[in-house]
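These are the residues of each chain, in order.
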Amino acid sequence: MRVLFINKFLYPNGGSETYIFKLGDHLKSLGHEVQYFGMEHEGRCVGNAVDAYTSDMDFHGGSKLSKLLYPVKTIYSSEARKKLRLVLDDFKPQVIHINNFNYQLTPSIILELNKWRNEGNKCRIVFTAHDYQLVCPNHMLNNPGTGENCEKCLGGHFFNCTRGRCIHGSAAKSAVGTMEATFWRINGVYKHIDAMICCSEFLKTKLDTDPLFAKKTVAMHNFVDRVEFKATEKKDYVLYFGRFSTEKGIGTLIRVCKELAEVQFIFAGTGPLENEINNIPNIKNVGFLSGDALEKLIREARFSVYPSEWYENCPFSVMESQMYGTPVLGADIGGIPELIEVGKTGELFESGNADELKAKLRKLWLDRELTDSYAKNCKDISFDDIEEYTEKLMKIYRGQ
């Protein structure tokens, strides 16, 4: 099978790129042909046979003229259509798997895909939703200015994005986001997508608020790398690893930490609230870690805490913690509850509720027998690895 992955970034930049690179490599190992389409960039590590890519769009730099043209280019890209057509005519994919495409590639690429298909080329168009971009102009269902989760744009009421200045707090950028979302909703471009993969049941419920999407969505949690389960001697600390930012609930967690002086916390990561973490006696900030160092830190923690306050979809940190045998105390929000077996591999608390977070942290800290039992139960978790995920994906590719 010939599979074309479309993603605006073709270099390591985040979860979407990790997803397509690992999937592409695995599909190739199974004998499928795989190519990629997106932006040109000095760090690009995958591509296509005809070397056709769109120009790199740097929204934070460029000439004054380019900055003036960006609002138009983020809505429609004739360049993306032309370059994509070169790849389609050469590769003739049987499956086109779209991922992160807004702003730099724009939904105009879907028009080109449908045009090419209507010319007699048989293919399936599949989309993986990594966020809420089809129903929310700022992709988060969260107003960064107020920090509040917001569903006002659901149902196509995108002017609320402009009203709330939901994109970088800018009226101008929010207006462009509103125009982009409204234009493509009226155009009906997403009807050409055959299947929409949602990385959580929660995300699926939000996309399903659009009757068009509800006919196409399927929930599939992201795959994880299989790791060996090891019975590890636990040390006396509670771990948070991830971004130090407001939407991750770090502000609430820090306040609670100050009130639990008897509990030792380790924070691993970076972010805008880093300075607020320093100089708190029972918090040790070890900075950003990865690889073996992070694995060791996770395995040895009594339990980890994930206090997010926005609609997380399928946070890898929650899965990774349990994979390494460490239970999770997670916020009951978004897709997090789907990943924790309450009373078996962890517990939940009401997102943003400092009193309940404090009570649950103290309870787990004081009950070593309970956290040890949760840790042992983690060996039975059943997240899909890439082979299991690909088996499900191939059925979607074939339209089964």
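Let me begin by describing the structure that accompanies this report.

Calculation notes
Residues numbered from 1 in each chain as written. Predicted model: local features only at pLDDT ≥ 70, side-chain atom pairs only at ≥ 80, totals over all residues. Heavy atoms only, no water. Pairing = 2+ DSSP bridges. Helix = DSSP H or I, 4+ residues; strand = E, 2+ residues; numbered from the N terminus. Axes fitted to C-alpha atoms, helices over the stretch in contact; angles between N-to-C directions. Contact = heavy atoms within 4.5 Å. Salt bridge = Lys/Arg side-chain N within 4 Å of Asp/Glu carboxyl O. Buried < 20%, exposed > 50% of the residue type's maximum accessible area, 1.4 Å probe, protein only. 1 Å grid on protein atoms, 1.4 Å probe; cavity = no way out; pocket = protein on both sides within 12 Å on 5 of 7 lines; lining within 4 Å. Points joined across faces, edges and corners; volume = space filled by probe spheres on them. Nonpolar A, V, L, I, M, F, W, Y, C, P; charged D, E, K, R; others polar. Phe/Tyr/Trp six-rings, centres within 6.5 Å; stacked < 30°, edge-to-face > 60°. Lys NZ or Arg CZ within 6 Å of the ring centre and 35° of its normal.

**Comments concerning the sheet that holds strand β9 (residues 238-241)**
At step 1: Taken together, the 6 strands give an open sheet; going across it, the order is β11-β10-β9-β12-β13-β14, and neighbouring strands pair in parallel fashion. One side of each edge strand has no neighbouring strand; the edge strands of this open sheet are β11 (283-285) and β14 (346-349). When strand polarity is set aside, the average angle formed by the axes of neighbouring strands in this sheet is 25°.
At step 2: Across 4 bridges, strand β13 (residues 328-331) lies against β14 in parallel orientation. Each residue of the ladder has a partner; that of leucine 329, found in β14, is glutamate 347.
At step 3: Each of β9, β10 (265-268), β11 and β12 (303-306) touches helix α9 (residues 250-259); the most contacted strand, β10, lies at about 155° to it.

**Notes on the pattern of salt bridges**
At step 1: Tallied over the entire structure, the rule returns 27 salt bridges.
At step 2: A salt bridge links arginine 85 to glutamate 112; the nearest nitrogen and oxygen atoms lie 3.0 Å apart. Residue arginine 85 is located in helix α3 (residues 78-91), and its partner glutamate 112 is located in helix α4 (residues 108-118); the two are separated by 27 residues in the primary sequence. Glutamate 112 matches arginine 85 in its accessibility class, with the two residues each being buried.
At step 3: Notably, a salt bridge pairs lysine 248 with glutamate 312, separated by 2.7 Å at the nearest N-O pair. With lysine 248 in the loop between β9 and α9 and glutamate 312 in the loop between β12 and α12 (316-323), this pair connects stretches of sequence that are 64 residues apart.
At step 4: On the basis of relative accessible area, lysine 248 is assigned to the buried category, the value being 14%.
At step 5: On the basis of relative accessible area, glutamate 312 is assigned to the buried category, the value being 5%.
At step 6: Bridged by salt links that share partners, the residues Arg81, Arg85, Asp89, Glu112 and Glu119 form one connected network.

**Overview of the layout of surface pockets**
At step 1: Here the second largest pocket is characterised by a volume of approximately 230 Å³.
At step 2: Along the wall of the second largest pocket there are 15 residues; nearest its centre are His221, Glu338, Leu339, Ser382 and Phe383.
At step 3: Considered class by class, the residues forming the lining of the second largest pocket number 6 nonpolar, 4 polar and 5 charged.

**Quick look at the packing of aromatic side chains**
At step 1: Overall, the coordinates contain 14 aromatic pairs when judged by the stated rule.
At step 2: The interplanar angle of 20° and the centroid separation of 5.9 Å between the aromatic rings of tyrosine 19 and phenylalanine 223 together place this pair among those described as stacked. Here the residue tyrosine 19 occupies a position in helix α1 (residues 15-29), and phenylalanine 223 occupies one in the loop between β8 (217-219) and β9, the gap between them amounting to 204 residues.
At step 3: Taking relative accessible area as the criterion, tyrosine 19 reaches 4% and is therefore assigned buried.
At step 4: Ring geometry for tyrosine 240 and phenylalanine 244: centres 6.3 Å apart, planes at 40°, overall tilted. As far as the burial class goes, tyrosine 240 and phenylalanine 244 line up, both buried.
At step 5: Taken together, the aromatic side chains of Phe5, Phe21 and Tyr36 make up a single cluster linked through ring pairs.
At step 6: The positively charged end of lysine 206 is found above the aromatic ring belonging to tyrosine 311, 5.7 Å away from the centroid.
At step 7: The ring of tryptophan 365 has arginine 302 lying over it, and the distance from NZ or CZ to the ring centre is 5.1 Å.

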